[in-house]
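# Understanding the architecture of this molecule
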Amino acid sequence: MIIEIENLKKSFKDVTAVDGISFKVKEGELFSFLGVNGAGKSTTINIISGILGKDGGTVKVCGHDIDNEAAEIKRNIGIVFQNSVLDKKLSVYDNLKSRASFYGVFGQEFKSRLEEICELLDLGDILKRQLDKLSGGQKRRIDIARALLHKPKLLILDEPTTGLDPKTRITVWGVVDKLRKETGLTVFLTTHYMEEASESDYVVIIDSGKIAAEGTPHDLKNAYASDFIKFYNHRDEAEKFFKERGYICKNERDFTEVELKGTAEAAEFVKQSPQLFDDFEILKGNMDNVFLKVTGKDLKGV
């Protein structure tokens with residue numbers, strides 16, 4: 001395991017930020033840690049990375065205990081924050097060189113590492129450019145490069161695509177996917193975009209300092225998200241058909257939507273009344289549905 005947390009607790013005066021949570025992160029996986037602002041995500045990350053002390057529980061990263069081996073843990077972690085910590089007026093090269101020095105990476109070691117990262121992240125053409133002259137996607141690639149200079153085993157991405165346009169988000173995730181495939185890097189993600197969480201190997205949802213739900217995206221969808229069927233023709237007949245069977249119908253401008261217990265139900269309804277099903281679609285429940293059902297809150301815009 002890359003991360004092992006047991007009964008972690010942290011309070012700020014009379015506010016309990018993290019209330020006895022436990023979870024594990026496997027080596028090489030994409031792990032999503034979800035919650036609204038104030039749920040306890042940032043507090044947990046700050047404890048894992050050694051920035052903040054804990055009140056109780058145990059934290060191990062890469063087999064090292066945070067109480068006794070914090071320095072070793074920091075050497076194994078790279079963090080990409082939502083807001084860049086790089087100097088906008090320096091060139092990409094100067095930014096990476098100065099940041100590498102923080103990790104004790106100098107001289108030939110820095111040159112070799114920079115060459116590896118440039119090849120991995122395709123940075124060669126922008127090394128001499130000033131940071132504030134780059135696009136959003138290019139800046140994010142530099143943020144990731146900065147976090148990888150010391151060859152960490154764990155990369156923490158704290159809302160890495162918030163505020164980025166869809167094209168740039170795709171670029172960033174292309175870089176992350178390449179890293180995972182080529183280096184086996186473990187990625188710990190917080191995000192407000194549920195489609196990103198859907199690609200995770202494992203998800204933990206935290207709410208008011210406690211773990212509200214956890215599992216693979218598939219398992220969470222099965223447990224908490226309903227499927228839906230939409231009718232574009234025969235709306236009146238479809239509404240009558242389902243209401244007679246105790247289902248709630250939602251009428252929109254050009255379709256009627258019915259919540260199902262599962263996709264298999266739709267097949268049974270097709271057999272019972274095939275004439276209603278000449279223009280319809282079945283929508284699987286998604287991680288947005290899961291989060292709302294688990295917490296009663298909506299991550300969008302948070």
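Residues numbered from 1 in each chain as written. Predicted model: local features only at pLDDT ≥ 70, side-chain atom pairs only at ≥ 80, totals over all residues. Heavy atoms only, no water.

## Section: the packing of helix H8 (residues 217-224) against helix H11 (residues 287-295)
- Where H8 meets H11, the closest approach of the two axes is 9 Å, and the angle between their N-to-C directions is 60°. Classified by the interaxial angle, the pair formed by H8 and H11 is oblique. Read as a crossing pair, H8 and H11 show a hand that is left-handed. Here H8 contributes Pro217, Leu220, Lys221 and Tyr224 to the contact with H11, which in turn contributes Met287, Val290, Lys293 and Val294.
- Residues belonging to the contact of H8 with H11 are distributed by class as follows: six nonpolar, no polar and two charged. (Axes fitted to C-alpha atoms, helices over the stretch in contact; angles between N-to-C directions. Helix = DSSP H or I, 4+ residues; strand = E, 2+ residues; numbered from the N terminus. Parallel < 35°, antiparallel > 145°, perpendicular 65-115°, else oblique. Left-handed = near helix turned anticlockwise from the far one by under 90°. Contact = heavy atoms within 4.5 Å. Nonpolar A, V, L, I, M, F, W, Y, C, P; charged D, E, K, R; others polar.)

## Regarding the pattern of salt bridges
- Tallied over the full model, the rule gives 16 salt bridges.
- The salt bridge involving Lys10 is made with Asp55; its shortest N-O contact spans 3.7 Å. Of this pair, Lys10 sits in strand S1 (residues 3-12) while Asp55 sits in the loop between helix H1 (41-48) and strand S4 (56-61), and the two are 45 residues apart along the sequence.
- When its relative accessible area of 12% is taken as the criterion, Lys10 is described as buried.
- With its nearest N and O atoms 3.4 Å apart, the salt bridge here joins Glu252 to Lys250.
- Here Lys250 falls in the partly exposed class, since its relative accessible area comes to 46%. (Salt bridge = Lys/Arg side-chain N within 4 Å of Asp/Glu carboxyl O. Buried < 20%, exposed > 50% of the residue type's maximum accessible area, 1.4 Å probe, protein only.)

## A short note on the packing of aromatic side chains
- Summed over the entire model, instances satisfying the criterion amount to 16 aromatic pairs.
- Put simply, the rings of Phe231, Phe241, Phe242, Tyr247, Phe269, Phe277 and Phe280 pair up and form one aromatic cluster.
- The ring centre of Phe12 lies 5.4 Å from the NZ or CZ of Lys10, which sits over that ring.
- For Lys230, the ring lying beneath its charged end belongs to Phe255, and the centroid distance is 4.3 Å. (Phe/Tyr/Trp six-rings, centres within 6.5 Å; stacked < 30°, edge-to-face > 60°. Lys NZ or Arg CZ within 6 Å of the ring centre and 35° of its normal.)

## A closer look at the nonpolar core
- The biggest cluster of nonpolar side chains holds 40 residues, and the ones touching the most others in it are Ile3, Phe23, Ile48 and Phe188.
- For this core, the leading source of residues is strand S2 (residues 15-25), giving five residues.
- Not counting residues up to four positions away in its chain, the partners in contact with Ile3 are Phe23, Lys24, Val25, Ile48, Lys60, Leu154 and Phe188.
- If you look at the next biggest cluster of nonpolar residues, it comprises 34 residues, including Ile117, Leu134, Leu157 and Leu185. (Core = buried A, V, L, I, M, F, W, Y, C linked by side-chain atoms within 4.5 Å.)

## A few points about the sheet that holds strand S14 (residues 280-283)
- Overall, antiparallel pairing links the four strands, which are arranged S12-S13-S11-S14 in an open sheet. A strand with exactly one partner marks an edge of an open sheet, and here the two such strands are strand S12 (249-251) and S14. Taken pair by pair, the neighbouring strands of this sheet meet at an average axis angle of 20°, ignoring direction.
- In the sheet, strand S11 (residues 227-231) pairs with S14 via four bridges, with the strands oriented antiparallel. Counterpart to Phe231 in the pairing with S14 is Phe280. (Pairing = 2+ DSSP bridges.)

## Some details on the packing of helix H4 (residues 107-121) against helix H5 (residues 136-148)
- The contact between H4 and H5 brings their axes to 11 Å, and the two run at 140°. The handedness of the crossing between H4 and H5 is right-handed. Contact with H4, carried on its side by Arg113, Ile117 and Leu121, involves Arg141, Ile144, Ala145 and Leu148 of H5 and no other residues of that element.
- Residues belonging to the contact of H4 with H5 are distributed by class as follows: five nonpolar, no polar and two charged.

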